[in-house]
Amino acid sequence: MGEVTMGDVPVQGEPLALDLVNTTFVRGGLRGRVVDALCEPEALHDWLAAHRTELGVTGLECPAGVSVGEPELRRFQELRQALREALTAETSGTTWPDAAVRHINRAAHGATRWRELSASAPTGSVEVWSTKDWATAALARVAESGVALLSGEQRDALRACRAPGCILFFVQSGPARQWCSSGCGNRVRVARHANRAKITVDDSG
Ligand SMILES: [Zn+2]
(Lines give C-alpha, C1' and ligand atoms only; values in the text may rest on other atoms or scores of the structure.)
Protein backbone atom coordinates (compact mmCIF):
# COMPACT_ATOMS: atom_id res chain seq x y z
CA MET A 1 0.00 0.00 0.00
CA GLY A 2 2.79 2.36 0.90
CA GLU A 3 3.94 2.66 -2.70
CA VAL A 4 0.72 4.41 -3.81
CA THR A 5 1.00 8.20 -3.83
CA MET A 6 -1.31 11.08 -4.70
CA GLY A 7 0.42 11.25 -8.07
CA ASP A 8 -1.04 7.83 -8.93
CA VAL A 9 -4.67 8.93 -8.48
CA PRO A 10 -6.17 8.77 -12.01
CA VAL A 11 -8.74 11.56 -11.62
CA GLN A 12 -8.60 14.77 -9.62
CA GLY A 13 -10.09 18.18 -10.37
CA GLU A 14 -13.68 17.09 -9.74
CA PRO A 15 -15.72 18.73 -6.95
CA LEU A 16 -14.04 18.34 -3.53
CA ALA A 17 -16.22 15.45 -2.37
CA LEU A 18 -15.40 13.41 -5.50
CA ASP A 19 -11.71 14.24 -5.28
CA LEU A 20 -11.69 12.81 -1.76
CA VAL A 21 -13.68 9.69 -2.72
CA ASN A 22 -11.51 9.10 -5.80
CA THR A 23 -8.37 8.68 -3.69
CA THR A 24 -9.41 5.03 -3.51
CA PHE A 25 -9.11 3.46 -6.94
CA VAL A 26 -8.34 0.27 -8.82
CA ARG A 27 -4.85 -0.16 -10.16
CA GLY A 28 -4.18 -2.67 -12.91
CA GLY A 29 -7.55 -2.68 -14.72
CA LEU A 30 -10.01 -5.54 -14.56
CA ARG A 31 -7.63 -7.89 -12.81
CA GLY A 32 -6.27 -5.09 -10.65
CA ARG A 33 -6.81 -4.39 -6.98
CA VAL A 34 -8.24 -1.53 -4.97
CA VAL A 35 -5.51 0.74 -3.64
CA ASP A 36 -5.67 3.72 -1.29
CA ALA A 37 -3.61 6.83 -1.97
CA LEU A 38 -4.83 8.33 1.30
CA CYS A 39 -3.41 5.77 3.66
CA GLU A 40 -0.97 7.84 5.68
CA PRO A 41 -0.90 11.32 7.21
CA GLU A 42 1.68 12.59 4.70
CA ALA A 43 -0.70 11.72 1.86
CA LEU A 44 -3.52 13.67 3.51
CA HIS A 45 -1.10 16.57 3.89
CA ASP A 46 -0.44 16.46 0.13
CA TRP A 47 -4.15 16.22 -0.69
CA LEU A 48 -4.95 19.19 1.54
CA ALA A 49 -2.15 21.24 0.02
CA ALA A 50 -3.38 20.44 -3.50
CA HIS A 51 -6.95 21.48 -2.56
CA ARG A 52 -6.03 24.50 -0.52
CA THR A 53 -7.96 26.98 -2.64
CA GLU A 54 -11.24 25.06 -2.67
CA LEU A 55 -10.93 24.24 1.01
CA GLY A 56 -10.51 27.93 1.79
CA VAL A 57 -9.48 27.42 5.38
CA THR A 58 -6.49 29.72 5.15
CA GLY A 59 -7.71 31.83 8.08
CA LEU A 60 -7.17 28.86 10.35
CA GLU A 61 -4.07 26.91 11.16
CA CYS A 62 -2.93 26.20 7.64
CA PRO A 63 -3.38 22.55 6.56
CA ALA A 64 -0.27 22.55 4.44
CA GLY A 65 1.81 24.11 7.20
CA VAL A 66 1.04 21.89 10.17
CA SER A 67 1.70 18.25 10.77
CA VAL A 68 -1.25 16.03 9.95
CA GLY A 69 -1.70 13.09 12.29
CA GLU A 70 -3.48 9.75 12.39
CA PRO A 71 -6.65 11.19 14.04
CA GLU A 72 -7.16 13.66 11.19
CA LEU A 73 -6.44 10.97 8.62
CA ARG A 74 -9.09 8.74 10.19
CA ARG A 75 -11.67 11.53 10.09
CA PHE A 76 -11.07 12.10 6.38
CA GLN A 77 -11.18 8.37 5.67
CA GLU A 78 -14.50 8.08 7.53
CA LEU A 79 -16.08 10.97 5.63
CA ARG A 80 -14.74 9.46 2.40
CA GLN A 81 -16.43 6.15 3.21
CA ALA A 82 -19.76 7.86 3.97
CA LEU A 83 -19.55 9.85 0.75
CA ARG A 84 -18.73 6.74 -1.28
CA GLU A 85 -21.75 4.94 0.15
CA ALA A 86 -24.08 7.84 -0.64
CA LEU A 87 -22.64 8.32 -4.15
CA THR A 88 -22.84 4.61 -4.89
CA ALA A 89 -26.50 4.57 -3.83
CA GLU A 90 -27.24 7.68 -5.87
CA THR A 91 -25.61 6.41 -9.08
CA SER A 92 -27.26 3.00 -8.78
CA GLY A 93 -30.70 4.53 -8.18
CA THR A 94 -31.18 3.42 -4.59
CA THR A 95 -31.88 5.38 -1.41
CA TRP A 96 -28.95 7.02 0.38
CA PRO A 97 -27.99 4.93 3.41
CA ASP A 98 -29.09 6.59 6.68
CA ALA A 99 -25.78 6.22 8.46
CA ALA A 100 -23.89 7.79 5.56
CA VAL A 101 -26.33 10.71 5.39
CA ARG A 102 -25.99 11.30 9.15
CA HIS A 103 -22.21 11.23 8.92
CA ILE A 104 -22.10 13.70 6.01
CA ASN A 105 -24.57 16.04 7.72
CA ARG A 106 -22.62 15.94 10.98
CA ALA A 107 -19.42 16.84 9.15
CA ALA A 108 -21.20 19.64 7.28
CA HIS A 109 -22.42 21.35 10.41
CA GLY A 110 -19.21 20.69 12.31
CA ALA A 111 -18.10 24.13 11.19
CA THR A 112 -19.83 27.15 9.79
CA ARG A 113 -18.36 30.25 8.24
CA TRP A 114 -19.54 33.75 7.54
CA ARG A 115 -18.15 37.04 6.34
CA GLU A 116 -17.41 39.88 8.72
CA LEU A 117 -16.24 43.45 8.54
CA SER A 118 -12.72 43.83 9.83
CA ALA A 119 -10.72 46.84 10.91
CA SER A 120 -7.62 45.17 9.50
CA ALA A 121 -9.28 44.89 6.10
CA PRO A 122 -11.25 48.12 5.94
CA THR A 123 -11.95 47.89 2.23
CA GLY A 124 -13.53 44.46 2.35
CA SER A 125 -14.78 41.67 4.54
CA VAL A 126 -13.04 38.66 6.01
CA GLU A 127 -14.16 35.05 6.21
CA VAL A 128 -14.55 33.71 9.73
CA TRP A 129 -14.97 30.10 10.82
CA SER A 130 -16.84 28.89 13.89
CA THR A 131 -13.89 26.70 14.83
CA LYS A 132 -10.13 27.03 15.17
CA ASP A 133 -9.72 23.40 14.17
CA TRP A 134 -8.70 23.31 10.50
CA ALA A 135 -9.65 19.63 10.13
CA THR A 136 -13.23 20.28 11.24
CA ALA A 137 -13.44 23.24 8.87
CA ALA A 138 -11.91 21.32 5.94
CA LEU A 139 -14.19 18.33 6.55
CA ALA A 140 -17.18 20.69 6.58
CA ARG A 141 -16.16 22.05 3.19
CA VAL A 142 -15.82 18.54 1.74
CA ALA A 143 -19.14 17.45 3.25
CA GLU A 144 -20.83 20.56 1.90
CA SER A 145 -19.49 19.71 -1.54
CA GLY A 146 -21.08 16.27 -1.19
CA VAL A 147 -24.40 17.79 -0.14
CA ALA A 148 -24.33 20.13 -3.15
CA LEU A 149 -23.54 17.23 -5.50
CA LEU A 150 -26.32 15.03 -4.19
CA SER A 151 -28.94 17.75 -4.10
CA GLY A 152 -27.92 20.52 -6.47
CA GLU A 153 -27.89 21.01 -10.19
CA GLN A 154 -24.87 18.71 -10.68
CA ARG A 155 -26.88 15.77 -9.35
CA ASP A 156 -28.08 14.75 -12.83
CA ALA A 157 -24.55 14.87 -14.18
CA LEU A 158 -23.09 12.70 -11.42
CA ARG A 159 -21.63 9.47 -12.86
CA ALA A 160 -19.99 6.32 -11.60
CA CYS A 161 -17.44 5.31 -14.24
CA ARG A 162 -18.76 2.22 -16.05
CA ALA A 163 -15.42 1.04 -17.34
CA PRO A 164 -14.82 -2.54 -16.16
CA GLY A 165 -12.96 -2.58 -12.87
CA CYS A 166 -13.24 1.18 -12.27
CA ILE A 167 -14.70 2.54 -9.03
CA LEU A 168 -14.33 6.29 -9.65
CA PHE A 169 -16.95 9.03 -9.84
CA PHE A 170 -17.08 12.13 -12.01
CA VAL A 171 -19.37 14.95 -13.04
CA GLN A 172 -20.17 14.58 -16.72
CA SER A 173 -19.13 17.93 -18.09
CA GLY A 174 -20.39 17.23 -21.64
CA PRO A 175 -21.85 14.41 -23.75
CA ALA A 176 -18.39 13.47 -25.04
CA ARG A 177 -17.20 12.51 -21.58
CA GLN A 178 -18.26 8.89 -21.05
CA TRP A 179 -15.50 7.75 -18.71
CA CYS A 180 -13.71 9.08 -15.66
CA SER A 181 -10.41 9.35 -17.50
CA SER A 182 -8.83 8.84 -20.91
CA GLY A 183 -7.19 5.75 -19.40
CA CYS A 184 -10.59 4.14 -18.85
CA GLY A 185 -11.82 5.25 -22.29
CA ASN A 186 -8.81 3.62 -23.92
CA ARG A 187 -9.23 0.39 -21.99
CA VAL A 188 -12.87 0.15 -23.03
CA ARG A 189 -12.04 0.83 -26.70
CA VAL A 190 -9.28 -1.78 -26.70
CA ALA A 191 -11.61 -4.34 -25.09
CA ARG A 192 -14.39 -3.62 -27.63
CA HIS A 193 -11.94 -3.92 -30.49
CA ALA A 194 -10.65 -7.26 -29.17
CA ASN A 195 -14.25 -8.45 -28.81
CA ARG A 196 -15.13 -7.47 -32.38
CA ALA A 197 -12.00 -9.18 -33.71
CA LYS A 198 -12.95 -12.31 -31.80
CA ILE A 199 -16.50 -12.29 -33.21
CA THR A 200 -15.17 -11.86 -36.77
CA VAL A 201 -12.82 -14.81 -36.31
CA ASP A 202 -15.64 -16.93 -34.84
CA ASP A 203 -17.95 -16.04 -37.78
CA SER A 204 -15.43 -17.01 -40.39
CA GLY A 205 -14.82 -20.37 -38.76
ZN1 LIG B 1 -12.93 5.01 -14.86
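Note that the structure is a prediction, hence the values are computed from the model and not measured.

This next bit is on the overall build of the protein chain. A count of helical and extended segments in the protein chain gives seven helices and six strands. Ordered by position from the N terminus, the helices and strands of the protein chain form the series α-β-β-α-α-α-α-β-β-α-β-β-α. Of the contacts formed within the protein chain by residues at least 6 apart in sequence, a portion of 58% connects residues at least 24 apart. Of the roughly 11,200 Å² of accessible surface on the protein chain, a fraction of 53% belongs to carbon and sulfur atoms. Side chains of the protein chain carry 23 positive and 24 negative charges; the gap between the two charge centres is 6 Å.

On the protein side, the zinc ion has Cys161 (SG), Cys166 (SG), Cys180 (SG) and Cys184 (SG) as donor atoms, found 2.3 Å from it. Of note is the zinc ion, whose four donor atoms meet at the metal with angles of 105 to 115° in an arrangement that counts as tetrahedral. Each donor residue of the zinc ion belongs to the same chain, with the gaps between them written as C-x4-C-x13-C-x3-C. Cys166 gets classed as buried once you look at its relative accessible area, which sits at 16%.

Together, Glu40, Glu42, Asp46 and Glu70 make up a negatively charged patch on the protein surface. Within the secondary structure layout, Glu40 lies in the loop between strand S2 (33-36) and helix H2 (41-50).

Trp47, Leu48, Phe76 and Leu79 are the most contacted members of the largest nonpolar core, which totals 56 residues. When residues in this core are grouped by element, the largest group, 10 residues, is from helix H6 (residues 134-151). The residues contacting Phe76, other than those within four sequence positions of it, are Leu20, Leu44, Trp47, Leu48, Trp134, Ala135, Ala138 and Leu139.

Going through the model one piece at a time under the given rule, you end up with eight salt bridges. Of the charged contacts in the structure, one is a salt bridge between Arg155 and Glu90, with a shortest N-O distance of 2.9 Å. Taken together, the positions of Arg155 in the loop between H6 and strand S5 (158-160) and Glu90 in helix H4 (residues 70-91) put the pair 65 residues apart, joining distant regions of the chain. Since its relative accessible area comes to 34%, Arg155 is described here as partly exposed.

Cut-offs used in this document
Residues numbered from 1 in each chain as written. Predicted model: local features only at pLDDT ≥ 70, side-chain atom pairs only at ≥ 80, totals over all residues. Heavy atoms only, no water. Helix = DSSP H or I, 4+ residues; strand = E, 2+ residues; numbered from the N terminus. Contact = heavy atoms within 4.5 Å. Areas by Shrake-Rupley, 256 points an atom, 1.4 Å probe, with all protein chains shown as cover. Lys, Arg positive; Asp, Glu negative; His and termini not counted. Charge placed at Lys NZ, Arg CZ, Asp CG, Glu CD. Donors = N, O, S within 2.8 Å, 3.2 Å for Na, K, Ca; no water. Tetrahedral: all angles 85-135°; square planar, octahedral: opposite > 155°, others 65-115°. Buried < 20%, exposed > 50% of the residue type's maximum accessible area, 1.4 Å probe, protein only. Patch = residues over 30% accessible without salt bridge, like charges linked within 9 Å, V, L, I, M, F, W, Y side chains within 5 Å. Salt bridge = Lys/Arg side-chain N within 4 Å of Asp/Glu carboxyl O. Core = buried A, V, L, I, M, F, W, Y, C linked by side-chain atoms within 4.5 Å.

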